[in-house]
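The chain contents come next:
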Amino acid sequence: MAVSNQSTPIDIVWPSLPLAAWQDTYATLHLWTQIIGKIRLALAPKLNHWWQSTLYVTPRGLTTASIPCGTRNFQISFDFLDHQLQIDTSDGITKRIALAPRSVADFYQMVLTTLSDIGIEVQIWTMPQEVSEPIPFDQDYQHAAYDPEYAQRFWRILVQVDRVMTLFRSQFIGKSSPVHFFWGSFDLAVTRFSGRRAPEHPGGVPNMADWVTREAYSHEVSSCGFWPGGGSMVEPVFYAYAYPTPSGFHDYPIQPTEAFYSSEMQEFILPYEAVRQTDDPDAMLLAFFQSTYEAAANLGHWDRVALEHTQS
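Note that the coordinates shown come from a computational prediction; the quantities given were computed from them, not determined experimentally.

The rules behind these values
- Residues numbered from 1 in each chain as written.
- Predicted model: local features only at pLDDT ≥ 70, side-chain atom pairs only at ≥ 80, totals over all residues.
- Heavy atoms only, no water.
- Helix = DSSP H or I, 4+ residues; strand = E, 2+ residues; numbered from the N terminus.
- Rg over C-alpha atoms; globule rule 2.2 N^0.38 Å.
- Buried < 20%, exposed > 50% of the residue type's maximum accessible area, 1.4 Å probe, protein only.
- Contact = heavy atoms within 4.5 Å.
- Areas by Shrake-Rupley, 256 points an atom, 1.4 Å probe, with all protein chains shown as cover.
- Pairing = 2+ DSSP bridges.
- Axes fitted to C-alpha atoms, helices over the stretch in contact; angles between N-to-C directions.
- Parallel < 35°, antiparallel > 145°, perpendicular 65-115°, else oblique.
- Left-handed = near helix turned anticlockwise from the far one by under 90°.
- Nonpolar A, V, L, I, M, F, W, Y, C, P; charged D, E, K, R; others polar.
- 1 Å grid on protein atoms, 1.4 Å probe; cavity = no way out; pocket = protein on both sides within 12 Å on 5 of 7 lines; lining within 4 Å.
- Points joined across faces, edges and corners; volume = space filled by probe spheres on them.
- Salt bridge = Lys/Arg side-chain N within 4 Å of Asp/Glu carboxyl O.
- Core = buried A, V, L, I, M, F, W, Y, C linked by side-chain atoms within 4.5 Å.

## Describing the overall build of the protein chain
Point 1. Along the backbone of the protein chain there are eight helices and twelve strands.
Point 2. Taken over the C-alpha trace, the protein chain has a radius of gyration of 20 Å; the compact-globule value for 312 residues is 20 Å, and the two agree within 12%.
Point 3. For the C-alpha atoms alone, the extent of the protein chain along its principal axes is close to 55 × 45 × 45 Å.
Point 4. Expressed as a percentage of its 312 residues, the buried residues of the protein chain come to 52%.
Point 5. Long-range contacts, defined as pairs at least 24 residues apart, comprise 62% of the intrachain contacts of the protein chain with a sequence gap of at least 6.
Point 6. As presented, the protein chain carries roughly 14500 Å² of accessible surface, and 52% of it is formed by carbon and sulfur atoms.

Written out as structure tokens, the structure reads:
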């Protein structure tokens, strides 16, 4: 029997997340997730489009999932209910580090020392990716904020977005990414593929080697996601884009009416506040994901008959 959560207050299921209220915590947490993500990247076998580097939403936070290390496996998880970083190994070891106000440098040292203490040695490149004015992790005493309320709000949104994206993903039988969290850009995304190779990406992502970007966009995609905002985008948003961008993409009629094409971002944008205030957030999000996918697939001449479930 399905269990409904419609009686749960909107501020719990889809909480507000004003950027100004948690920007210091946001900046610190972004860098903490990069440290954990880079540990997975250093040890996990390479997958297409760097999928081996991402994190995943859990009922308590975010996790690396299982990482191989010799004959052992381990995983590292952010727990935003008890506000702990938990390390679990396949031979029964569990270590915890409190999520509390502490500098990026201290967090970095505590994580690597804890791993070393249980026999897991790993080296990562300490320069952050996709952030302005990056400071090496081991030298960053500037970012040290952690507001547990807003960290938890962010995770609660991810739980809902992960749920809706997983439903959207299920309607596609072509190649599709997992619903996964990219610690570089700090967003949750799912990507569909046409099956065709794409023209070489021009690169140009801040603090990211062009060859990394070109591997990520080696094939034609339609992608959608959730981003808590930053820079000129002063509110959380849902986004959708295509690569390569087909002719007429920005003029394609999409849903809902609250969505628009941002020339600056070169993406379709749906404000998070519009979703959390509507009577049916799931329906609004699915309409946005589906209509922006159709913009990419129809204008890009994807073989939709082969890629999608047939309607019974």
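## What to know about the pairing of strand 6 (residues 94–98)
Point 1. The pairing of strand 5 (residues 84–89) with strand 6 spans five bridges and is antiparallel. Residue pairing in the sheet places Gln86 in a bridge with Arg96 of strand 6.

## With respect to the packing of helix 2 (residues 19–43) against helix 3 (residues 104–117)
Point 1. Across the interface, helix 2 lies against helix 3 with an axial gap of 10 Å and an inter-helix angle of 25°. As far as their axial angle goes, helix 3 and helix 2 are roughly parallel. Handedness of the helix 2/helix 3 crossing: right-handed. Judged by residue contacts, Thr28, Leu31, Trp32, Ile35, Ile36 and Ile39 of helix 2 engage Val104, Phe107, Tyr108, Val111, Leu112 and Leu115 from helix 3.
Point 2. Taken together, the residues that form the contact of helix 2 with helix 3 break down as eleven nonpolar, one polar and no charged.

## With respect to empty space enclosed by the protein
One way to see where empty space is left: roll a probe the size of a water molecule over the atoms.
Point 1. Applying the stated criterion to the full structure yields one cavity of 30 Å³ or more.
Point 2. Volume-wise, the largest cavity comes out at about 40 Å³.
Point 3. Surrounding the largest cavity, Phe168, Val190, Thr191, Arg192, Ser222, Ser223, Cys224, Ala240, Phe289, Thr292 and Tyr293 form its lining.
Point 4. Secondary structure elements with two or more residues in the lining of the largest cavity: strand 8 (187–197), strand 9 (219–227) and helix 7 (281–299).
Point 5. A breakdown of the residues in the lining of the largest cavity according to their chemical character gives six nonpolar, four polar and one charged.

## Details of the pattern of salt bridges
Point 1. By the definition in use, this model includes twelve salt bridges.
Point 2. One salt bridge connects Arg214 with Glu200, and the closest N-O pair in it is separated by 3.7 Å. Taken together, the positions of Arg214 in helix 5 (residues 210–216) and Glu200 in the loop between strand 8 and helix 5 put the pair 14 residues apart, joining distant regions of the chain.
Point 3. Residue Glu273 pairs with Arg276 through a salt bridge whose shortest N-O separation is 3.4 Å. On the criterion of helical spacing, the pair formed by Glu273 and Arg276 is a turn pair, its members being three residues apart in helix 6 (residues 272–277).
Point 4. You can call Arg276 buried: its relative accessible area is 6%.
Point 5. The network of salt bridges with shared partners includes Asp11, Glu273 and Arg276.

## What about the nonpolar core?
Point 1. With 89 residues, the main nonpolar core has Ile39, Phe78 and Phe238 as its most contacted residues.
Point 2. Top element by residues in this core is helix 4 (residues 148–169). It accounts for ten residues.
Point 3. Beyond its immediate stretch of four places on either side in the chain, Phe78 contacts Leu29, Trp32, Thr33, Ile36, Arg60, Gly61, Leu62, Gln84, Leu85, Leu99 and Phe107.

## Thoughts on the pairing of strand 12 (residues 267–271)
Point 1. The element strand 12 is largely enclosed, with a buried count of five among its five residues.
Point 2. Relative to strand 12, strand 10 (residues 237–243) runs antiparallel, the two sharing four bridges. Bridging from a neighbouring strand, Val237 pairs with Pro271 of strand 12.
Point 3. Sheet analysis places strand 11 (residues 260–262) next to strand 12, joined by three bridges and oriented antiparallel. Each residue of the ladder has a partner; that of Tyr261, found in strand 12, is Phe268.

In short, shape yes, function no, at least from these values alone.
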